[in-house]
Amino acid sequence: QVQLVESGGGLVQAGGSLRLSCAASGRTFSFYAMGWFRQAPGKEREFVAAITWSGMSTYYADSVKGRFTISRDTAKNTVYLQMNTLKPDDTAVYYCAVRRTIGVLYFEKWYDYWGQGTQVTVSS
């Protein structure tokens, strides 16, 4: 089993920054990758970013490229999402997730474990 706990969400003005953290515990040695997804009110959950646990590869949604950066600290079993130049459209609940097996990282159905989510609100 794997447990994920997100933190770092909050209220920020447009143009501001936040850094989300996701701490993993449990069978972390079995990770292939970790990802961030978000769900805005009335919308489906969507992919934001992902990183392989080796750190060799990162992936981003077009809507966040150049503004968000995903990273991980294997010693702390933690993945981060640095979010800069935030926009009101970034307002959502952000979830981190773990995929155990090698494969595509853009689709939530392939992830095995999920955190409880953290709210990010960007005011205009």
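See the structure printed just above.
Residues numbered from 1 in each chain as written. Predicted model: local features only at pLDDT ≥ 70, side-chain atom pairs only at ≥ 80, totals over all residues. Heavy atoms only, no water.

A. Geometry of the pattern of salt bridges. Taken as a whole and assessed by the stated rule, the structure comprises 6 salt bridges. Here Arg45 makes a salt bridge to Glu108, at a shortest N to O gap of 2.9 Å. Highlighted residues: Arg45 in the loop between strand S4 (33-39) and strand S5 (46-52) and Glu108 in the loop between strand S9 (92-99) and strand S10 (113-114), separated in sequence by 63 residues. Here Glu108 falls in the partly exposed class, since its relative accessible area comes to 32%. The salt bridge involving Asp112 is made with Arg100; its shortest N-O contact spans 3.6 Å. Residue Asp112 is found in the loop between S9 and S10, and its partner Arg100 is found in the loop between S9 and S10; the two are separated by 12 residues along the sequence. A single network of salt bridges, built from pairs that share partners, joins Arg38, Glu46, Arg67 and Asp90. (Salt bridge = Lys/Arg side-chain N within 4 Å of Asp/Glu carboxyl O. Helix = DSSP H or I, 4+ residues; strand = E, 2+ residues; numbered from the N terminus. Buried < 20%, exposed > 50% of the residue type's maximum accessible area, 1.4 Å probe, protein only.)

B. Up close: the state of the cysteines. One pass over the full model with this rule turns up 1 disulfide. Disulfide pairing places Cys22 opposite Cys96 at an S-S distance of 1.9 Å. With the S-S bond torsion at 45°, the cross-link from Cys22 to Cys96 turns out right-handed. Taken together, the residues Cys22 in strand S3 (residues 18-26) and Cys96 in strand S9 connect sequence positions 74 residues apart. With respect to class, Cys22 is no different from Cys96; both count as buried. (Disulfide = S-S within 2.5 Å.)

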